[in-house]
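Understanding the architecture of this molecule
Now for the letters of each chain:
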Amino acid sequence: NQMTLPAANNRTASSSEVLQLLREICLPLAVERVALPNAGGRVLCEPICAPEDQPAFDRSSVDGFAVRRDDAAARFRVVDEIRAGDWKPRQLQPGEAVRIATGGALPSDGLQVVMREDAEREGEFLSVLRRDDERNIRFRGEDARAGQVLIEPGIWLYPGTLGLLASVGCAQPLVTRLPRVLHLATGNEIVPPEEQPQRGQIRDSNSTLVRAFLEQWRIQPTQLRVPEDEAAARTALESSAHEADLILISGGASVGEHDFTRHLLEQFGFTIHVSKTTARSGKPLIVAQHGNTIAFGLPGNPLAHFVCLNLYVRAALEALAGRPGESVFQTGVLMAALPADGNAREMFWPAHWRLHDGVATLTPLRWRSSGDLTSLASANALIRVTAGAQRLERSSWVEFVSTEMTL
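Residues numbered from 1 in each chain as written. Predicted model: local features only at pLDDT ≥ 70, side-chain atom pairs only at ≥ 80, totals over all residues. Heavy atoms only, no water.

1. Observations concerning the pairing of strand β18 (residues 246-250)
Walk down a regular strand and you will see the side chains alternate between the two sheet faces. Burial analysis of β18 places 5 of its 5 residues in the buried class, which makes it a mostly covered element. Alternating residues of β18 divide into L246, L248 and S250 and I247 and I249, and every residue in both groups is buried. Examined bridge by bridge, strand β14 (residues 181-186) and β18 share 5 bridges and lie parallel to one another. Bridging across to β18, L184 finds its partner in I249. As paired elements, β18 and strand β23 (residues 293-298) share 5 bridges and run parallel to each other. Each bridged residue has a counterpart across the sheet, and for I249 the counterpart in β23 is G297. (Buried < 20%, exposed > 50% of the residue type's maximum accessible area, 1.4 Å probe, protein only. Helix = DSSP H or I, 4+ residues; strand = E, 2+ residues; numbered from the N terminus. Pairing = 2+ DSSP bridges.)

2. Here's the deal with helix α6 (residues 302-320)
Approximately 40° is the largest bend angle found in α6, and it occurs at L309. Within two residues after α6, G322 carries a phi angle of roughly 90°, on the positive side. (Bend = angle between axes of the 7 residues up to and from the residue.)

3. Topic: the sheet that holds strand β7 (residues 96-100)
Spatial ordering of the open sheet is given by β8-β5-β7-β6-β10-β9, a layout of 6 strands whose pairing is mixed. Each edge of the sheet is formed by a strand with only one pairing partner; in this case those strands are β8 (111-115) and β9 (119-122). The mean inter-strand angle of the sheet, taken between neighbouring strand axes irrespective of direction, is 40°. Judged from the 5 bridges that link them, strand β6 (residues 75-82) and β7 form a sheet pairing that is parallel. Residue pairing in the sheet places V78 in a bridge with A97 of β7. (Axes fitted to C-alpha atoms, helices over the stretch in contact; angles between N-to-C directions.)

4. So, the packing of helix α3 (residues 206-215) against α6
The angle between the axes and the distance between the axes are what describe a pair of packed helices. At their nearest, the axes of α3 and α6 sit 11 Å apart, and the two run at 30° to each other. When the axes of α3 and α6 are compared, the pair comes out roughly parallel. You can see that α3 and α6 cross each other, and the crossing is right-handed. Contacts between α3 and α6 involve N206, L209, V210, F213 and L214 from the former and P302, H305, F306, L309, N310, V313, R314 and L317 from the latter. Its residues assigned to classes, the contact of α3 with α6 shows 9 nonpolar, 3 polar and 1 charged. (Parallel < 35°, antiparallel > 145°, perpendicular 65-115°, else oblique. Left-handed = near helix turned anticlockwise from the far one by under 90°. Contact = heavy atoms within 4.5 Å. Nonpolar A, V, L, I, M, F, W, Y, C, P; charged D, E, K, R; others polar.)

5. A short note on the pattern of salt bridges
Applying the stated criterion to the full structure yields 21 salt bridges. With a shortest N-O distance of 2.1 Å, R138 and D143 are connected by a salt bridge. On the basis of relative accessible area, R138 is assigned to the partly exposed category, the value being 25%. (Salt bridge = Lys/Arg side-chain N within 4 Å of Asp/Glu carboxyl O.)

6. Remarks on the sheet that holds β18
If you trace the 6 strands from one edge of the open sheet to the other, you get β17-β14-β18-β23-β22-β19, paired in mixed fashion. What marks the edges here is a single partner per strand, and that holds for β17 (222-226) and β19 (271-274). Strand after strand, the sheet turns through a mean of 20° between neighbouring axes, direction not considered. Across the sheet, α3 touches β14, β17 and β18, and the angle it forms with β14 is around 165°. Against the sheet, α6 engages β18 and β23, with an angle of about 170° to β23.

7. Considerations on the environment of Q220
Note on placement: Q220 falls in the loop between α3 and β17. In this structure, the C-alpha to C-alpha distance between Q220 and L165, residues 55 residues apart in sequence, is 25 Å.

8. As for unusual backbone geometry
A cis amide bond, omega -10°, links Q54 with the succeeding residue P55. Here the bond from R280 into S281 is cis, since omega is 0°, no more than 30 degrees from zero. By the secondary structure assignment, S281 is in the loop between β21 (279-280) and β22 (286-290). Located in the positive-phi region is R218, a residue other than glycine, with phi close to 65°. By the element assignment, R218 lies in the loop between α3 and β17. You will see that D357, though not glycine, has its phi angle at about 55°, which is positive.

9. Topic: the packing of aromatic side chains
For the structure on display, the rule yields 3 aromatic pairs. Taken together, a centroid distance of 5.9 Å and an interplanar angle of 70° make the contact between W156 and W217 edge-to-face. Highlighted residues: W156 in the loop between β12 (149-151) and α2 (159-167) and W217 in the loop between α3 and β17, separated in sequence by 61 residues. Like W156, the residue W217 is buried in the burial classification. In this arrangement the basic side chain of R99 is found over the ring face of F65, its NZ or CZ atom lying 5.2 Å from the centre. Positioned over the ring face of F329 is R384, at 4.1 Å from the centre of the ring. (Phe/Tyr/Trp six-rings, centres within 6.5 Å; stacked < 30°, edge-to-face > 60°. Lys NZ or Arg CZ within 6 Å of the ring centre and 35° of its normal.)

Here is the structure:
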């Protein structure tokens with residue numbers, strides 16, 4: 001379903017409309033083969049089939065002694081030892097046993113492995129103390145047969161999935177390439193974190209916030225600081241924008257005299273889809289497009305940055321990776337009252353969440369304004385408070401988005 005954009009002179013959108021728009025305009029990036037150690041956090045673009053039966057041979061699931069299943073004797077002579085990695089085929093005779101390690105290949109069919117703790121060895125002889133019907137064998141093909149699809153395309157490659165790829169010899173998986181991201185931090189008032197700000201100046205926290213957010217996606221952005229000057233910003237864009245899939249501009253997205261992001265993007269041929277949202281924090285958000293390149297004008301306040309990154313930029317990254325999520329929201333229970341007080345605008349409230357007995361529990365955090373960074377010390381979630389909502393009491397069910405990445 002195509003989204004109906006607001007009129008050109010009034011491009012204001014709700015958070016849901018912005019998210020839907022991004023799913024539509026952010027096209028999946030090209031694919032590439034990468035070495036397995038570099039594939040984490042990417043989206044798989046091909047089915048992975050078992051090259052051989054899994055396991056490829058009958059193997060012991062315990063440390064113990066292999067004996068013939070049809071041999072009911074209680075005393076055996078140990079005739080060999082098989083460690084993991086050995087291949088020693090032989091037919092056991094009645095009264096014979098083979099010492100075998102976990103993962104060791106069974107020397108023949110029709111065997112059973114007696115666990116080491118259920119037997120007592122004296123020299124070359126073995127006395128079985130306990131024995132039941134359990135064979136303690138992982139049989140060939142019990143996990144998957146050769147040619148069976150093990151992993152469907154379109155999934156994120158998590159550590160467990162990477163381990164499975166390694167186990168079947170897929171050393172160069174086909175994945176969506178990482179986006180090239182350009183980030184411009186604007187403003188005459190910002191200085192690097194290591195510098196002492198003078199009166200009227202502040203340390204640049206947004207560049208660190210953006211970089212840390214993108215590193216969760218294995219993305220190393222190109223980052224530039226530019227003064228509050230359209231000519232300087234234009235020069236920065238001219239030198240780097242043509243290589244970018246995603247452009248993030250911090251600051252300059254509002255409607256003040258020095259807020260030039262919209263005009264700058266229009267000069268470079270970008271179509272402005274959204275110039276502000278109805279949500280708080282992050283109202284002066286710009287979403288623009290030029291060909292396959294997507295640009296965001298992010299409001300300068302740090303908390304607004306945190307909200308926009310974890311809602312809108314995240315949605316763009318998911319779509320570029322080929323996995324446009326249907327919803328970023330989960331549901332959980334408030335552990336303390338939240339004073340919404342009938343705000344006319346939808347709000348995203350910083351919170352700390354954790355899982356308790358299978359239920360997500362959320363503790364709202366105190367914040368004063370969009371420039372208040374103190375709540376981010378422990379924030380790992382954003383509670384969605386609908387427009388007009390009154391005070392939300394403890395134990396109320398709410399929607400939230402986790403800002404903890406699992407890639």
